[in-house]
Amino acid sequence: MSLRSHRSLLVPVLWALLAHGTVQAQSERRLRTIDAATRGTLTDAWVDSIVQLSYDVMSSDLATTIALQHRALSQLRRQGPSVRQGMALEILHKAHYLLGAYDSATHHALKAIDMYRAIGDKAREGGAECALAYNMKRRDLATAFEIMRQGIGKLEEADAREWLASHTNSFGVLYEMRGDLDSAYYCYARSLRIKREVGDSLGVPFSMNCLGTVEHLRGNFIESERWFRQAMEERRSRGDAFGVAEEHLYFGELYEAWGRRSDAIAAYEAALSATTALDYPRGRQQSLERLSVLYEAGGETLRALSTARAAMALKDSLLNAERERTVAELDRRYRVAEKDRAIAQLNERAARRQLVIWAVAIALFLVVVLGMLFHQWRQQRLRAERDAAIIREREAGLKAVFAATEEERKRLARELHDGVGQQLGGIKHRLEHLRSATADQALPDVIGLLDGAAREVRELAHQLMPKALSRLGLVPALRDLVKSSFDGTNVQGRFDAHGVPDVLRPELATGIYRIAQESIGNIIKHAGATHVDIQLIRNREHLVLIVHDDGIGFDATRAPGGLGIVGMADRARTAGGSFAIEGGGGTTITVRAPIETPAA
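Residues numbered from 1 in each chain as written. Predicted model: local features only at pLDDT ≥ 70, side-chain atom pairs only at ≥ 80, totals over all residues. Heavy atoms only, no water.

Colleague: Explanation requested: unusual backbone geometry in the structure shown.
Modeller: Comment: phi is negative for the bulk of residues other than glycine, and the bulk of peptide bonds are trans. The backbone of Asp-159 shows a phi angle near 55°, a positive value even though the residue is not glycine. Positive phi values are uncommon outside glycine, yet Arg-540 reaches one of about 60°. You can see Arg-540 is positioned in the loop between β2 (531-539) and β3 (542-549). (Helix = DSSP H or I, 4+ residues; strand = E, 2+ residues; numbered from the N terminus.)

Below you can see the structure in the form of structure tokens.
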């Protein structure tokens, strides 16, 4: 999006920053009050407060916000799917996005969308998709467009007009980033129409300025002026003094680009008067700078010089005190230096010999120090190269061990299935024939035992190397693993996959499958969980596995290096990826690995 189209947000934001310290302190106190008052079981009133945190309170302490949302979710899950769960997940999405944890942000956004879809709330589902798309615009614009279209369609289907107006304007931002001004204009115009219909008097002039800016970028100055005039009328009718001052700046830039010098000067002078009355120095400085350029272009040298000096005075007002202190310090140092120089001249002859001695001593000392530093640097470099070689050798050994293990499992599976399994099946058929011929009452028991042995051999072969993984791929294998692991238990397991390629590197597919298998085994044995969510997501060029349960959590201080966790981390590392485990609100395991083979 162009810089001009963002300026409609700049003035109120900068004005709000004047009170930022007070708002920040109030927000932090509010969050601490909620955190202290909600220890233990939460009441419905406190849950409502937590899942409806305002942006300023939520962003004042992201760690506390995340902890509160997990506590609310832990209690809400016992009540079944609900809008409040989706709202908590949306706040987790925003908090992780602000922290830069984009994988976790995407994970929580997708869970919020799934929650709204499960309860049939089309409006909130579409709004959550639009919010996810807007946050993805700088990382993956193409995917952001696809998700934004889905969200806008659901908002239209639900006739959620206020949300539709806001997110349609965001859709225009995506088009403007892509350079498609016609589509951006269409979105801004549609947003304006809906805002008028729902009575959004604050948003109407914002959309008008967006439309005027697009016409400005197209070179349609007459249409741009018409939109800016309408925005000015709206802001004057609302008594929006800052908006009126900002609108004068819009007119100044428009007339300046249009070549209407006198009109541009009049607009900037009006902006200067308004920003001076509002005590808004940044807008006043901008007005003075543009007026100086226009006066100089018109040959009004004295006025240009006067306004340039005024702009520079504003720009340098915060530095004047520091400059005065600097000048005073320089003057003091100069006087001291002059005295020292006079003393040095008097003592120069007596000190020359001593200076030479000290110079030689210092030179020798520097030579010794540099030699020692060079020796230490060389030793550190050798140690680093040796450590790197050891690490490479260990990594190669781990890869070889894992590869050999998988090959041995495949071989054992083939031998058990094709050898022992076939033999047991043949025996079963022969005994069935004998039963029909002799009607011996003992034969059914023997046949049952052999049938159980054959079934056990087949199950063992399947555990060693699942058919779904080798024949169908990673996603069907994981879906089969989740179903077979949790069917018949008190744990509700869910598996979702998003954008996973059909063909993956064998070591990546096998590693992801084994990590998921180990994680599920740990959950069943130790977690005491009731819900398990497993997601496999493609995030640009990486594959991300997220396994989350609502169990008792993971205490890293009590079990820092279990063999299962070490094995999962080793598998992730041999696939070129990373492994992380978190214990807040249950346990979350995240594996992130490149889809293509990483460069050596």
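Past the structure itself, the notes keep going.
Colleague: What's the story with the pattern of salt bridges in this structure? I'm lost.
Modeller: Two side chains of opposite charge can pair, provided their charged atoms sit close to one another. For the structure on display, the rule yields 32 salt bridges. Note that Asp-114 and Arg-117 form a salt bridge whose closest N and O atoms lie 2.8 Å from each other. Linking Asp-114 with Arg-117, this pair stays in helix α8 (residues 102-119), spanning three residues, or about one helical turn. Salt bridges linked by common partners bring Asp-114, Arg-117, Glu-125, Glu-129, Lys-154, Arg-494 and Asp-496 together as one network. (Salt bridge = Lys/Arg side-chain N within 4 Å of Asp/Glu carboxyl O.)

Colleague: Is there a simple way to explain the packing of helix α4 (residues 44-51) against helix α6 (residues 62-76) in this structure?
Modeller: Two numbers describe a pair of packed helices, the interaxial angle and the distance between the axes. Two elements in contact, α4 and α6, have axes separated by 10 Å at closest approach and are oriented at 135°. Regarding the angle of α4 to α6, the classification is oblique. Of the two elements, α4 crosses α6, and the hand of that crossing is left-handed. Along its contact with α4, which presents Val-47, Ile-50 and Val-51, the element α6 presents Leu-68, Gln-69, Ala-72, Gln-75 and Leu-76. Taken together, the residues of the contact of α4 with α6 break down into six nonpolar, two polar and no charged. (Axes fitted to C-alpha atoms, helices over the stretch in contact; angles between N-to-C directions. Parallel < 35°, antiparallel > 145°, perpendicular 65-115°, else oblique. Left-handed = near helix turned anticlockwise from the far one by under 90°. Contact = heavy atoms within 4.5 Å. Nonpolar A, V, L, I, M, F, W, Y, C, P; charged D, E, K, R; others polar.)

Colleague: How should the pairing of β2 be read in this particular structure?
Modeller: Taken residue by residue, a regular strand's side chains alternate between the two faces of the sheet. β2 sits mainly inside the fold: seven of its nine residues count as buried. As defined by bridge partners, strand β1 (residues 492-498) adjoins β2 across seven bridges and the pair is classed as parallel. When the sheet's bridge partners are listed, Gly-493 is paired in β2 with Val-532. This β-α-β element, β1 to helix α23 (residues 506-527) to β2, shows left-handed connectivity. Strand direction decides the pairing type here: β2 and β3, joined by eight bridges, are antiparallel. (Buried < 20%, exposed > 50% of the residue type's maximum accessible area, 1.4 Å probe, protein only. Pairing = 2+ DSSP bridges. Right-handed = clockwise from strand over helix to strand, strands pointing away.)

Colleague: Explain the environment of Cys-130 to me, please; I cannot follow it from the model alone.
Modeller: The topology assignment puts Cys-130 in helix α9 (residues 122-136). Taking the C-alpha atoms as reference points, Cys-130 and Ile-152, 22 residues apart in sequence, are found 7.0 Å from one another. Ignoring any residue separated from it by four or fewer positions in sequence, one finds Cys-130 in contact with Met-148, Gly-151, Ile-152, Leu-155 and His-167.

Colleague: Before we go on, may I ask you to explain the packing of aromatic side chains in this structure?
Modeller: Aromatic ring pairs are described here by two measures, namely the spacing of the ring centres and the angle between the planes. Per the stated rule, a full pass over the model turns up 10 aromatic pairs. Pairing Phe-145 with Phe-171 gives two aromatic rings, centres 5.8 Å apart and planes at 55°, and the pair type is tilted. In this pair, Phe-145 is assigned in helix α10 (residues 141-158) and Phe-171 in helix α11 (residues 161-178), connecting sequence segments 26 residues apart. For Phe-145, a relative accessible area of 2% corresponds to the buried category. Taking relative accessible area as the criterion, Phe-171 reaches 9% and is therefore assigned buried. Three or more aromatic residues joined by ring pairs make a cluster, and in this case those are Phe-221, Phe-228, Tyr-250, Phe-251, Tyr-255 and Trp-258. (Phe/Tyr/Trp six-rings, centres within 6.5 Å; stacked < 30°, edge-to-face > 60°.)

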